[in-house]
Amino acid sequence: MEHITLKIKDQSKFKTLLKFLKTLDFVSVVEKDSSPYNPEFVKKIQKSVKQMEEGQVTRIDNISDFLGIE
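Please read all numbers here as calculations on a predicted model, not as lab measurements.

What counts as what
Residues numbered from 1 in each chain as written. Predicted model: local features only at pLDDT ≥ 70, side-chain atom pairs only at ≥ 80, totals over all residues. Heavy atoms only, no water. Patch = residues over 30% accessible without salt bridge, like charges linked within 9 Å, V, L, I, M, F, W, Y side chains within 5 Å. Areas by Shrake-Rupley, 256 points an atom, 1.4 Å probe, with all protein chains shown as cover. Salt bridge = Lys/Arg side-chain N within 4 Å of Asp/Glu carboxyl O. Helix = DSSP H or I, 4+ residues; strand = E, 2+ residues; numbered from the N terminus. Buried < 20%, exposed > 50% of the residue type's maximum accessible area, 1.4 Å probe, protein only. Phe/Tyr/Trp six-rings, centres within 6.5 Å; stacked < 30°, edge-to-face > 60°. Expected span 1.5 Å × (residues − 1). Polar contact = N/O pair within 3.5 Å; in protein donor to acceptor, adjacent residues only side chain to side chain.

Considering a nonpolar patch on the surface
Inference 1: On the surface, a cluster of nonpolar side chains totalling about 570 Å² of accessible area is made up of Y37, F41, I45, V49, M52 and V57.
Inference 2: You can see F41 is positioned in helix α2 (residues 39-53).
Inference 3: By relative accessible area, which is 44% here, F41 ends up partly exposed.

A word on the packing of aromatic side chains
Inference 1: If you walk through the whole model with that rule in mind, you get one aromatic pair.
Inference 2: Ring geometry for Y37 against F41: centres 6.2 Å apart, planes inclined by 35°, an arrangement best described as tilted.
Inference 3: According to the relative accessible area criterion, Y37 is exposed, its value standing at 54%.

Focus: the pattern of salt bridges
Inference 1: Applying the stated criterion across every chain, the model contains one salt bridge.
Inference 2: E40 is the partner of K43 in a salt bridge, and the nearest nitrogen-oxygen pair spans 3.8 Å. Taken together, the residues K43 and E40, both in helix α2 and three residues apart, mark about one turn of the helix.
Inference 3: Classification of K43 as exposed rests on a relative accessible area of 51%.
Inference 4: Taking the relative accessible area as the measure of exposure, E40 reaches 48% and is therefore partly exposed.

Section: α2
Inference 1: Compared with an ideal rise of 1.5 Å per residue, which puts 15 residues at 21 Å, α2 spans 21 Å between its outermost C-alpha atoms and is within 8% of the ideal.
Inference 2: Residue N38 occupies the N-cap position of α2, its side-chain oxygen lying 2.7 Å from the main-chain nitrogen of E40.
Inference 3: Taken from the residues just after α2, G55 is the one with a positive phi, measuring 85°.

This is how it looks when you write it as structure tokens:
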């Protein structure tokens, strides 16, 4: 079975094309997330951003004091 990847620049026409392709009995449409990142990693980053926006952060004024270095 041959696999073909289509890259479509005009998103407004994408849905119409996809709808048509799904009607063809010899076409199998496999939709996948286009993100190259692990979904669990993305969730962790989103959680961290939300915490930052809510002010749930620790601020360090002096890194030497924080690390106990003189």
